[in-house]
Amino acid sequence: MPIYRAPVDDTLFLLNDVFHMERYSNLPGFADASPDVVEAVLGEAAKFCEEVLAPLNRVGDREGCERHDDGRVTTPAGFKEAFGQLRDGGWVGISIPDEFGGQGLPSVLTQIVNEYMCSANMAFAMYPGLTQGAIAALLVHAAPELKTKYLPKMVAGEWTGTMNLTEPHCGTDLGLLRTKAVKQADGSYRITGTKIFISAGEHDMAGNIIHLVLARIEGAPAGTKGISLFVVPKMLVKDDGSLGAHNGVSCGSIEEKMGIHGNATCVMNYDGAQGWLIGEENRGLNAMFVMMNEARLGVGVQGLAQSEVAYQNAALYAKERLQGRSLTGVKAPDKPADPIIVHPDVRRTLMTIRAFNEAARALVLWTALRGDVAHRSEDEKERQSADDHMGLLTPVIKGVLTDTGFANTVMAQQLYGGHGYIAEHGVEQFVRDARIAQIYEGANGIQALDLVGRKLGRDGGRAVMTFFNEVGAYLKDKSGDDKMKPYVGPMNAALGHLQQGTMWFMQNAMAKPDNAGAGATDYMHLFGLVALGFMWCKIAEAALDKLPSANGSAPRYNAKLVTARFFMERMLPETATRLARIQVGADSTMELPADAF
């Protein structure tokens, strides 16, 4: 039976000692997030995830969701009761404004709780996660009457939400979508079409499901310029807030998937369903991108979360599994063999996963804090800078954390040998569940193209230059600190590689766009390595500051310094390889004719 322990102590160290959360106390909601409140929230979240959600993870994987002949979908045993506890705990709305029933706490706390939930039970966590994304889109773009009608019960967890983009013929290229919307005399629309891959599209855990649906109004322009966004409830809602008749929306089938079996991934049929416009006509993508950006950060967290739970179980297994003897002599003379953690290659594997996890968590929290600034600050310049950061880092977090998170679950599985291929130990489920995160909410190749093709050049390169300047100034400031040299030296080289890669695109991608396409994924991972390395510098600095007065906690801070060194010595040098791949261009990639494949 797999185990999971939420990394509360590590999270608190990042919030309090690395990012100094108290510095954000001028922002709405942060004054209420005192250290004792934050610790209490994370402690309760950990308890819920460890004791309620984690035991249901294998149950959900084995049982999956079931669609009945009448179109109803039932979730695995225990899911409905667990969702009731989630609802009673107010976990959906911890960062939503209190005017809609939320607690108004910083959004960074939601990201932390979502990591814990995804590690414990990723399939379950998607139900509230998608609801939070739908809430975000409604908050920003919906008319007041729609907010009043839908948000309070979504925030309370009484109703859930979805996002409906993909169609059978239309995935990334949303300009091809065919779902149509016909305006009615009362101002509503009739929505007709089919959507596929709709996570949490139908289930039995909430009284209503609020679908956000992309569709094309009759007579709208072709392509993405003619797409609008609609709110389409499963059950129509009366003026007094009570539920009315069933709307013309139904689950046609449940997809048979590689993983996340506990989440109902549905084919959704809209047969003249009644819907209401969100925002302006033909501006649906603008509204949906609020939800998609929320979802992409959330999916990046899923990559980290699966890497974390896989690491915890692999580390425990490595300390218990006896196999062979240490290369430097017997370490467990009272046993027939040594535990495999004595072997350098096992250590290399575990250190690689651990070094990623701790830095990735820091990167998520740093970005989430910047998101709070973007949404809560009254200073326009601060908001712009934070929004630039979010736009630049979102594809990096989504792409790098899910690519690496999946690779880490595979490495963790490898430590188990043949037992890793057997369901009993649970690690093979982590591999299967992690795999989807590289695909949905924009496949990672698309994230890389978004980073290189859109984010680097936006506003004259303002965001990326700000990032370069921030990292560069930090490294310069720490260059005279002897204790920081093991981290600052490698990071200077890595930042140089990232700057060279950026300049190479500027010089070689405009005239030949294939150069950008061929090097985009390597650039995204190069960027990710530098961002993770910057996080390790910050972590190491904080650990060094804590050590003199650490007393009994000294081993913990020393472990962070060793892990930081491992990252700098064994993982960060990959930036040179990524740069070399970028600079070779697209010639050999594009030379073969299509029929040669």
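Rules used throughout
- Residues numbered from 1 in each chain as written.
- Predicted model: local features only at pLDDT ≥ 70, side-chain atom pairs only at ≥ 80, totals over all residues.
- Heavy atoms only, no water.
- Helix = DSSP H or I, 4+ residues; strand = E, 2+ residues; numbered from the N terminus.
- Buried < 20%, exposed > 50% of the residue type's maximum accessible area, 1.4 Å probe, protein only.
- Areas by Shrake-Rupley, 256 points an atom, 1.4 Å probe, with all protein chains shown as cover.
- Lys, Arg positive; Asp, Glu negative; His and termini not counted.
- Charge placed at Lys NZ, Arg CZ, Asp CG, Glu CD.
- Expected span 1.5 Å × (residues − 1).
- Bend = angle between axes of the 7 residues up to and from the residue.
- Pairing = 2+ DSSP bridges.
- Phe/Tyr/Trp six-rings, centres within 6.5 Å; stacked < 30°, edge-to-face > 60°.
- Lys NZ or Arg CZ within 6 Å of the ring centre and 35° of its normal.
- Contact = heavy atoms within 4.5 Å.
- Core = buried A, V, L, I, M, F, W, Y, C linked by side-chain atoms within 4.5 Å.
- Axes fitted to C-alpha atoms, helices over the stretch in contact; angles between N-to-C directions.
- Parallel < 35°, antiparallel > 145°, perpendicular 65-115°, else oblique.
- Salt bridge = Lys/Arg side-chain N within 4 Å of Asp/Glu carboxyl O.

Draft legend 1. Geometry of the overall build of the chain. Counting secondary structure elements, the chain contains 16 helices and 11 strands. Judged by the C-alpha coordinates and their principal axes, the chain covers about 80 × 60 × 60 Å. Considering the chain as a whole, with its 597 residues, one finds that 57% of them fall into the buried category. Within the structure as shown, the chain displays about 24700 Å² of accessible surface, and the carbon and sulfur contribution to it stands at 51%. Separation between the mean location of the 57 positive side-chain charges and that of the 69 negative ones in the chain comes to 3 Å.

Draft legend 2. Region of interest: helix H2 (residues 35-63). Compared with an ideal rise of 1.5 Å per residue, which puts 29 residues at 42 Å, H2 spans 40 Å between its outermost C-alpha atoms and is within 8% of the ideal. When the local axis directions of H2 are compared, the greatest deviation, roughly 40 degrees, occurs at Leu-53, which is followed within four positions by the proline Pro-55. Just downstream of H2 lies Gly-64, where phi reads positive at about 65 degrees.

Draft legend 3. Broad picture of the pairing of strand E4 (residues 180-183). With 4 bridges joining them, E4 and strand E5 (residues 189-199) adopt antiparallel strand pairing. Counterpart to Lys-180 in the pairing with E5 is Thr-192. Here E4 folds back onto E5, and the loop between the two strands holds 5 residues, one of which, Gly-187, carries a positive phi near 95 degrees. Inspection of the sheet shows E4 paired to strand E6 (residues 208-217) by 2 bridges, in the parallel sense. Along E6, the bridge assignment pairs Ala-181 with Ile-217.

Draft legend 4. Structural detail: unusual backbone geometry. Phi at Ala-200 is positive, roughly 60 degrees, even though this residue is not glycine. As for its placement among the helices and strands, Ala-200 is situated in the loop between E5 and E6.

Draft legend 5. Quick look at the packing of aromatic side chains. A complete count under the given rule lists 14 aromatic pairs for this structure. Feature note: the residues Phe-467, Phe-468, Trp-504, Phe-505, Tyr-523 and Phe-527 constitute an aromatic cluster, connected by ring pairs. Over the aromatic face of Trp-276 sits the side chain of Lys-149, whose NZ or CZ is 5.4 Å from the ring centroid. One cation-aromatic arrangement involves Arg-435 over Phe-406; the distance from NZ or CZ to the ring centre is 5.4 Å.

Draft legend 6. View of the pairing of strand E9 (residues 243-246). The pairing of strand E8 (residues 235-237) with E9 spans 2 bridges and is antiparallel. Of the residues in E9, the one forming a bridge with Val-237 is Leu-243. In textbook terms, the turn of a hairpin is the stretch between consecutive antiparallel strands, and for E8 and E9 this stretch comprises 5 residues, one of which, Gly-241, has a positive phi near 90 degrees.

Draft legend 7. How the structure looks around the environment of Ile-436. Relative to the assigned elements, Ile-436 resides in the loop between helix H9 (427-435) and helix H10 (444-455). Among the residues examined, Ile-436 registers a relative accessible area of 23% and is labelled partly exposed. With 34 residues separating them along the chain, Ile-436 and Thr-402 place their C-alpha atoms 8.8 Å apart. Ignoring sequence-local partners within four residues, the contact set of Ile-436 consists of Met-122 and Ile-260.

Draft legend 8. Local environment of the nonpolar core. Within the largest apolar cluster, 191 residues are counted, with the highest numbers of intra-cluster contacts made by Leu-212, Phe-467 and Tyr-523. Setting aside residues up to four positions removed in sequence, Phe-467 forms contacts with Trp-366, Leu-392, Leu-393, Leu-498, Phe-527, Val-530 and Ala-531. Of all hydrophobic cores here, the second largest spans 7 residues; its members include Ala-123, Met-126, Val-299 and Tyr-440.

Draft legend 9. Up close: the packing of helix H4 (residues 107-141) against helix H6 (residues 284-320). Relative to each other, H4 and H6 sit at 170 degrees, their axes nearing to 9 Å. One finds that H4 runs roughly antiparallel with respect to H6.

Draft legend 10. Region of the structure containing H9. Among the 9 residues of H9, 8 are classified as buried, and the element is accordingly described as predominantly covered. Looking only at H9, the buried set comprises Val-427, Glu-428, Gln-429, Phe-430, Val-431, Arg-432, Asp-433 and Ala-434. Summarising the contacts, the buried residues of H9 are in contact with H2, H4, H6 and helix H8 (380-415).

Draft legend 11. Main features of the pattern of salt bridges. This model, assessed by the stated rule, comprises 27 salt bridges. In this structure, the salt-bridge partner of Arg-462 is Asp-388, at a minimum N-O distance of 2.7 Å. Note that Arg-462 is positioned in helix H11 (residues 462-478) and Asp-388 in helix H8, a separation of 74 residues in sequence. We note a salt bridge from Arg-578 to Asp-522, for which the minimum N-O separation is 2.8 Å.

Draft legend 12. Spotlight on the environment of Asp-32. Within the secondary structure, Asp-32 is located in the loop between helix H1 (8-18) and H2. Note: C-alpha distance between Asp-32 and Gln-103 (71 residues apart in sequence) is 9.5 Å.

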